Amino acid sequence: MSTLLSKQHELGVVLYLSLFLIVTLFIRRLRRWQHLRHIPGPPLAGFSRLAWLVPLARSGEIPTWMREAEQKYGRIVRVGPNMLITSDWKLWRRIMSVRSPYTKSERFRGFRTDPTKDHIVSALDEEEHGRLRSIMVHGYSGKGVEGVEEKMDADVLSLIHLLESRYISHNKAFDFARKAQCFSIDVIAHLAFGEPVGFVATDSDVYNHIDIVEKQLPVMGMTLNFPGFFKLLNWPPFNRLVPKAGDKDGMGKLMGIAKETAARRFGPNKKVQKDMLESFVSRGLTQEEAEVEILLQIMAGSDTPATAIRTAVLLVSTNPRVLRKLQADIDSVAPFPKAQVIQDEKARSLPYLSAIVKETLRWLPPAMDIAAKVVPPEGDEWNGTVLPPGTEIGWNAIGLMRDPEVWGNDADQFRPDRWLDAEADPDKLRDMDTVGEMIFGGGSRYQCLGRTVALMEIKKALFELFRRYEFEVMNPGNPWYSRCWNIFEQHDLWMKAHPRDSTSVA
Ligand code: HEM
């Protein structure tokens, strides 16, 4: 009898505690929901990241959703219990400006390449971020650095040689999305490690890097929403999932190369070269920091230019008017040998090529992470909307880049001429340039350090490809596989290329 009573008592306690826990959790959720309830968004977004943000990150349909969200809920949308996105470019400009009191959100932790170490993107502390930025800004901008253009030229010629020898001369189709990716990884590896890894030379996915990274992309997109996840990866058994410098393939293999590259720049027998890494080291980057920064270059600098190059090739090849104008721009250049690559300065002076690059980046921004920043402790207000302290707010890339107020009613159309037309209206052009620059972060506090390198690479590649070839899309109705996990997974862009005569060939 007494055992039965004590069992009943235990059951009562368990029930009471469970009820208490449920009520407490419910009140916490209600409070969290309440503090941003004045901001519209999908109903479930206010309650849990799991209910809404995470499935979205897993969908691969981020651009489509961002567009619809902007149209349905407006310029500030609630996407999580404590998270907003905005497509108001003036608000985003303010958030990203040099003197803005907004700071980086914990989301950036999710970009760590090593769960125990920060690099410039994952460093949340503003002072630390500023220190790393001041060490690296010169090298990234190319000041005092030798060989950036020469290395890139060699990689462009290597891509041309591959296409020519394996595919074009045999009238064979190729997946241009993959070729662009191999090219971009080689370019950035060439700059970061001092030599290309050989993706183009071997026409293969060296160390299964692309395959492994592509499989991880949906998971990475999701884990960005759980900054604490990275702490978990420090402990067994989860730490076994983390790539390591000794691995034979994937990111771990590149980690190993980054470690060796950094090691060569320190110690009594250090190798001194006037390249980007040397610029970083001479300004105070430590060996440990160099290891992660080298890897970050590969992470940040390979997929993004590849997305721009393949998107431009597809869009230009399927727009005959745009193609003709680009060909005219290219043919206006004084003839030079095919064995050479257009100089960066010359490429930058070509108005239609520049318009195509800006328009491609606008039409499909290669880096779509919302890059959320945190509202300062004093809170903020924007056009009457209260932004409570601690709220995370990111950008709605597609909302901004398709905003009819900035780009006109044909904002959804790929129309490079809009950049040339706007020259007649300096105010309009200034706004377009300001918003267009947000593709690289905008402002100068967090602006992409690889911007100069990326633009050089994209312009050189497009010029040389369209100087030599006309591209034929094999399946125009469904030209490629394209999904966005903050950055893009794109492949199966099957194309053939046919040689063309350009007057710019000597
Ligand atoms: C089309 C190509 C690219 C795009 C669209 C792009 C976009 C961006 C964006 C939006 C940010 C800012 C994120 C934030 O809000 O904090 C950023 C930062 C950065 N990017 Fe890029 N990027 C590109 C290419 C590259 C390349 C080629 C490299 C390396 C060579 C690179 C290195 C970096 C670095 C180091 C940062 C961190 C800057 C900082 O936090 O101070 N990016 N990029």
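The rules behind the values
Residues numbered from 1 in each chain as written. Predicted model: local features only at pLDDT ≥ 70, side-chain atom pairs only at ≥ 80, totals over all residues. Heavy atoms only, no water. UniProt positions renumbered as here; feature names shortened; annotations may be inferred. Helix = DSSP H or I, 4+ residues; strand = E, 2+ residues; numbered from the N terminus. Rg over C-alpha atoms; globule rule 2.2 N^0.38 Å. Contact = heavy atoms within 4.5 Å. Areas by Shrake-Rupley, 256 points an atom, 1.4 Å probe, with all protein chains shown as cover. Lys, Arg positive; Asp, Glu negative; His and termini not counted. Charge placed at Lys NZ, Arg CZ, Asp CG, Glu CD. Patch = residues over 30% accessible without salt bridge, like charges linked within 9 Å, V, L, I, M, F, W, Y side chains within 5 Å. Salt bridge = Lys/Arg side-chain N within 4 Å of Asp/Glu carboxyl O. Donors = N, O, S within 2.8 Å, 3.2 Å for Na, K, Ca; no water. Near = heavy atom within 4 Å. Polar contact = N/O pair within 3.5 Å; in protein donor to acceptor, adjacent residues only side chain to side chain. Nonpolar A, V, L, I, M, F, W, Y, C, P; charged D, E, K, R; others polar. Pairing = 2+ DSSP bridges. Buried < 20%, exposed > 50% of the residue type's maximum accessible area, 1.4 Å probe, protein only.

Per an unreviewed UniProt entry, the protein goes by the name Cytochrome P450 and belongs to Parachaetomium inaequale. Its UniProt record gives the protein a comment under Cofactor (unreviewed entry), which states: "heme".

A. Main features of the overall build of the protein. Within the protein, the regular secondary structure consists of 20 helices and 12 strands. Against the compact-globule benchmark of 23 Å for 506 residues, the protein has a radius of gyration of 25 Å, which places it among compact chains. Reported as C-alpha extents along the three principal axes, the dimensions of the protein are approximately 100 × 60 × 45 Å. A sequence separation of at least 24 residues applies to 74% of the contacts in the protein between residues at least 6 apart. Surface exposure of the protein reaches about 23,100 Å², of which carbon and sulfur atoms provide 57%. Charge-centre separation for the protein: the mean point of 66 positive side chains lies 3 Å from the mean point of 64 negative side chains.

B. Fine view of a nonpolar patch on the surface. There is a patch of nonpolar side chains on the surface, built from L19, V23, F26, I27 and L30 and spanning about 450 Å² of accessible area. Take L19: it is sitting in helix α1 (residues 2-35).

C. Region of interest: the coordination of the iron atom of the ligand. The protein gives the iron atom of the ligand a lone donor atom, C448 (SG), placed 2.3 Å from the metal. Here C448 is to be found in the loop between α19 (426-437) and α20 (451-468).

D. Examining the site of the ligand more closely. The ligand sits among 27 residues. The nearest are H129, R133, K373, I439 and C448. Residue K373 places a side-chain N or O atom 3.0 Å away from an oxygen atom belonging to the ligand. No other element matches helix α12 (residues 287-317), which puts 5 residues into the shell around the ligand. Here the shell around the ligand is built from residues that sort into 19 nonpolar, 6 polar and 2 charged.

E. Just the UniProt feature "transmembrane region" (unreviewed entry) in the protein, in detail. Taken from the UniProt record, the annotation "transmembrane region" (unreviewed entry) applies to residues 12-30. In residues 12-30, helix accounts for 100% and strand for 0%; the two terminal C-alpha atoms are 26 Å from one another.

F. Structural context of the environment of F176. Take F176: it is sitting in helix α7 (residues 176-193). Sequence spacing of F176 and F471 is 295 residues, and the spatial spacing of their C-alpha atoms is 9.9 Å. What F176 contacts, discounting residues up to four positions off in sequence, is I309, R310, V313, L465, L493 and M495.

G. Expanded view of the sheet that holds strand β12 (residues 494-499). Strands sit in the order β4-β12-β9 across an open sheet of 3 strands; the sheet is antiparallel. The open sheet terminates on both sides in strands that have one partner only, identified here as β4 (174-175) and β9 (469-473).

H. Broad picture of the pattern of salt bridges. Evaluated as defined, the whole model comprises 38 salt bridges. In this structure, the salt-bridge partner of R67 is D412, at a minimum N-O distance of 3.1 Å. Of this pair, R67 sits in helix α3 (residues 62-73) while D412 is found in the loop between α17 (404-407) and α18 (417-421), placing the two residues 345 residues apart along the sequence. With a relative accessible area of 40%, D412 lands in the partly exposed category. Here K460 ties to E149 by a salt bridge, and the two come within 2.8 Å at their closest N and O atoms. Remark: E149 occurs in helix α6 (residues 148-167) and K460 occurs in helix α20; sequence separation between them is 311 residues. For the pair formed by K460 and E149, the shared burial category is buried. Taken together, the shared-partner salt bridges connect E359, R362, D410, R415, R418 and D421 into one network.

I. Summary view of the pairing of β12. Examined bridge by bridge, β4 and β12 share 2 bridges and lie antiparallel to one another. Bridge assignment links F174 to a residue of β12, and that residue is M495. The pairing of β9 with β12 spans 5 bridges and is antiparallel. Residue E472 lies in a different strand from β12, and its bridge partner there is K496.

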